[in-house]
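Notes for the structure review
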Amino acid sequence: MYQPLADELRPKTLNEVYGQESILGEGKMLRRIIESGKIPNLIFYGPSGTGKTTVANIIAERTRRKLFKLNATTASTSDIREIVSQLDTMLAPNGVLLYLDEIQSFNKKQQQTLLEHIENGKITLIASTTENPYFYVFNAILSRSTVFEFKQLDPEAVMQAVRRAIAYMENKTGLRTECEPGALEHISFSCGGDLRKALNAVEVLFSAAGTDSEILHITLADAKTVTQRSAMRYDRDGDNHYDCLSALMKSIRGSDPDAAVHYLARFLEAGDLPACCRRILCSVCEDIGLAYPLAIPIVKACVDTALQLGMPEARLPLADAVVFLATCPKSNSAHDAIDLALRDVRKGITGPIPRELQNVHADSAGQEREQGYLYPHDYPRHWVQQQYLPDALMGKRYYEYGDNKTEQAAKRYWDEIKGGHG
């Protein structure tokens with residue numbers, strides 16, 4: 001029966017697991033827990049192909065408990081009840097070890113079904129998820145579990161596994177390989193840190209070898225063919241989507257055009273124009289703001305052009321926008337001002353609007369009440385001292401001029417006009 005290469009080469013010991021030295025290296029916490037044989041409830045969090053299932057299998061080999069495996073994308077509450085029915089029977093005298101893959105796919109009720117048996121220790125849960133467990137896993141289960149994060153593998157770790165896989169396939173098939181410079185490196189970089197993808201690529205290359213061949217020539221062109229677009233880790237509803245949005249905006253805010261273009265490229269390659277356009281529009285208002293007010297209509301024009309053009313041409317106005325924003329002067333003075341004002345409003349610190357600012361309206365007798373509003377345009381340089389804030393907020397300052405050229409010029413202008421009146 002056919003068995004994928006990634007399964008054939010699945011590590012049997014912790015020393016064979018690639019790229020997770022931070023939690024599985026000598027003396028590290030997860031390794032010490034596994035070697036102790038006293039396994040608590042565990043949640044493994046990280047991208048696909050980083051060793052979560054492999055480590056769960058290794059743990060199962062070390063425990064005397066009966067092992068059950070469920071995938072939450074297809075399992076149901078009845079599957080859990082079937083496992084529970086075997087507790088305290090001859091089938092599971094020491095309790096069970098349950099490996100639950102993709103736990104984020106279980107709803108709250110399904111997760112709660114496990115609680116009683118996790119709490120009394122009859123079920124030891126090892127759950128894995130590609131999503132942040134603090135958002136997707138029920139708090140009661142989180143409080144009874146220890147979370148370990150599996151990192152995306154770096155290309156060097158993937159390269160070790162790729163070379164091991166080629167040696168294994170050479171021995172299995174009798175073929176000898178000759179690799180064009182850069183071919184294996186391309187596979188290692190292009191799998192996006194997903195070891196399973198890299199091993200699948202190796203398997204495909206060997207499958208494509210002629211039956212009468214003795215040598216398999218692994219060319220760079222073939223390596224590109226079997227890994228095309230595979231490096232993309234992107235899920236419009238997943239953590240990576242929001243991480244990319246965050247990274248794009250923070251790169252613009254940090255004035256790094258190279259990083260900003262990189263994260264924009266991830267969205268463009270995934271075909272997600274709306275998400276990056278929204279974040280770019282937010283960034284120009286939040287991070288450039290009053291330091292260069294004309295940036296707002298400029299970037300709006302770039303976004304409108306991109307959405308009208310569609311891909312692949314949309315990359316051009318969007319690249320203009322992010323490079324422009326990353327190299328613009330920065331100010332968040334208006335952002336801070338509105339947040340401070342909202343804070344007071346939400347606390348109920350408001351008070352009546354000064355009579356001078358109220359809309360002119362008639363009283364019950366049909367006569368307009370004296371408003372006392374001073375029309376600034378009737379005064380020199382279009383300004384006159386007048387109360388605008390409610391009495392409860394007299395003297396409150398929300399806006400502070402930024403230290404950029406544009407806002408400092410405005411400050412000098414109004415300082416001269418207002419004098420000591422602020």
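A quick note: this is a predicted structure, and the numbers were derived from the prediction, not measured.

Parameters and conventions
- Here the residue numbering is sequential within each chain, running from 1 through the sequence in written order.
- Restriction of local features to residues with pLDDT of at least 70 applies here, the model being predicted, together with a cutoff of 80 or more for giving and counting side-chain atom pairs; totals for whole chains, interfaces and linings are based on all residues.
- No hydrogens and no water enter the side-chain calculation; it runs on all heavy atoms of the structure.
- Numbering of helices and strands runs from the N terminus, with a helix taken as a DSSP run of H or I at least four residues long and a strand as a DSSP run of E at least two residues long.
- A helix is expected to reach a length of 1.5 Å times the quantity of its residues less one.
- For each residue, the accessible area found with a 1.4 Å probe, counting protein chains only, is set against the maximum for its type, and the residue is called buried under 20%, exposed over 50%, and partly exposed in between.
- Definition of a polar contact: a pair of N or O atoms within 3.5 Å, with one able to donate and the other able to accept a hydrogen when the atoms are protein atoms, and with sequence-neighbouring residues admitted only if both atoms are side-chain atoms.
- The quantity known as pLDDT measures the predictor's confidence residue by residue, on a range of 0 to 100.
- Each axis is a line fitted through C-alpha atoms, taken for helices only over the stretch in contact, and angles between the N-to-C directions span 0 to 180 degrees.
- Should an angle fall under 35 degrees it is taken as roughly parallel, and over 145 as roughly antiparallel, whereas 65 to 115 is taken as roughly perpendicular and any remaining angle as oblique.
- Residue contacts are defined here by distance: any two heavy atoms, one from each residue, within 4.5 Å place the two residues in contact.
- Three classes are used: nonpolar for Ala, Val, Leu, Ile, Met, Phe, Trp, Tyr, Cys and Pro, charged for Asp, Glu, Lys and Arg, and polar for all others, with Gly counted as polar.
- Working definition: rings of Phe, Tyr and Trp (its six-membered ring) pair if their centres are within 6.5 Å, and the pair is stacked with planes under 30 degrees apart, edge-to-face with planes over 60 apart, and tilted otherwise.
- By nonpolar core we mean a set of buried residues, namely Ala, Val, Leu, Ile, Met, Phe, Trp, Tyr and Cys, connected to one another through side-chain atoms within 4.5 Å.
- Each pair of strands is called paired provided DSSP finds at least two bridges between the two strands.
- Take a side-chain nitrogen of Lys or Arg and a carboxyl oxygen of Asp or Glu: if they are within 4 Å of each other, that pair is a salt bridge.

Moving on, we come to helix H14 (residues 257-270). Under the 1.5 Å per step criterion, the end-to-end length of H14 is 20 Å for 14 residues, consistent within 8% with the ideal 20 Å. Among the residues of H14, Ala-259, Ala-260, Leu-264, Phe-267 and Leu-268 are the ones counted as buried. Its side-chain oxygen at 3.2 Å from the backbone nitrogen of Asp-258, Asp-256 defines the N-terminal cap of H14. Residue Gly-271 follows H14 closely and has a positive phi angle near 75°.

Bringing the confidence of the model for the chain into the picture now. Within the chain, residue pLDDT values average 85, and 90% of them lie at 70 or more. When pLDDT is averaged over each element of the chain, helix H17 (residues 315-327) comes out on top at 95 and helix H6 (residues 108-119) at the bottom at 80.

As a packed pair, helix H15 (residues 273-288) and helix H16 (residues 295-309) sit with axes 10 Å apart at the nearest point and diverge in direction by 175°. If you check the angle between H15 and H16, you find them roughly antiparallel. Of H16, the residues touching H15 (which contributes Leu-273, Cys-277, Ile-280, Leu-281, Val-284, Cys-285 and Ile-288) are Ala-295, Ile-296, Val-299, Lys-300, Val-303, Ala-306 and Leu-307. Residue composition of the contact of H15 with H16, grouped by class: 13 nonpolar, no polar and one charged.

Per the counting criterion, the structure on display carries four aromatic pairs. Aromatic side chains Phe-44 and Phe-150 sit 5.0 Å apart centroid to centroid with 55° between the ring planes, which places their arrangement in the tilted category. Note that Phe-44 is positioned in strand E1 (residues 42-45) and Phe-150 in the loop between strand E5 (146-149) and helix H9 (155-173), a separation of 106 residues in sequence. Here Phe-44 falls in the buried class, since its relative accessible area comes to 0%. Using a relative accessible area of 1% as the deciding quantity, one classes Phe-150 as buried. Relative to Tyr-401, the ring of Tyr-399 lies with its centre 5.0 Å away and its plane at 70°, an arrangement referred to as edge-to-face. According to the relative accessible area criterion, Tyr-399 is partly exposed, its value standing at 25%.

In this structure, Val-158, Val-162, Ile-166, Ile-187, Leu-195, Val-202 and Phe-206 are the most contacted members of the largest nonpolar core, which totals 29 residues. Elements supplying a minimum of two residues to this core: helix H1 (5-8), H9, helix H10 (183-190), helix H11 (195-207) and strand E7 (215-218). With eight residues, the single largest contributor to this core is H9.

On to the packing of H14 against H15. Between H14 and H15, whose axes approach to 8 Å, the crossing angle comes to 150°. By the angle between their directions, the pair H14 and H15 is classed as roughly antiparallel. Two secondary-structure elements touch here, H14 through Leu-264, Phe-267 and Leu-268 and H15 through Leu-273, Ala-275, Cys-276 and Ile-280. Residue composition of the contact of H14 with H15, by class: seven nonpolar, no polar and no charged.

Among the structural elements, Thr-50 can be located in the loop between E1 and helix H4 (52-62). By relative accessible area, Thr-50 is classed as buried at 3%. Setting aside residues up to four positions removed in sequence, Thr-50 forms contacts with Gln-20, Phe-150, Lys-151, Gln-152, Leu-153 and Gly-193.

Here we come to the sheet that holds strand E2 (residues 66-71). Strand order across the open sheet formed by five strands is E2-E3-E4-E1-E5, with parallel pairing between neighbours. What marks the edges here is a single partner per strand, and that holds for E2 and E5. Geometrically, the sheet is characterised by an average inter-axis angle of 15° between neighbouring strands, direction not taken into account. On top of the sheet, H6 reaches strand E3 (96-101) and strand E4 (123-129); it is set at about 135° to E4, its chief contact.

Alternating residues of E7 divide into Leu-216 and Ile-218, all buried, and Ile-215 and His-217, none buried. Here four bridges tie strand E6 (residues 176-179) to E7, and the two strands are oriented parallel to one another. Along E7, the bridge assignment pairs Arg-176 with Ile-215.

What follows deals with the pattern of salt bridges. Applying the stated criterion to the full structure yields 13 salt bridges. Salt-bridge contacts for Glu-35 lead to Arg-31; the nearest nitrogen and oxygen are separated by 3.0 Å. Here the residue Glu-35 and the residue Arg-31 both occupy positions in helix H3 (residues 29-36), the gap between them amounting to four residues, near one helical turn. The exposure class of Arg-31 is buried, given its relative accessible area of 6%. Ionic pairing is found between Glu-149 and Lys-151, a salt bridge with its closest N-O pair at 3.6 Å. The class of Glu-149 is partly exposed, set by a relative accessible area of 36%. With a relative accessible area of 43%, Lys-151 lands in the partly exposed category. Each of Glu-26, Arg-31 and Glu-35 takes part in one network of salt bridges that share partners.

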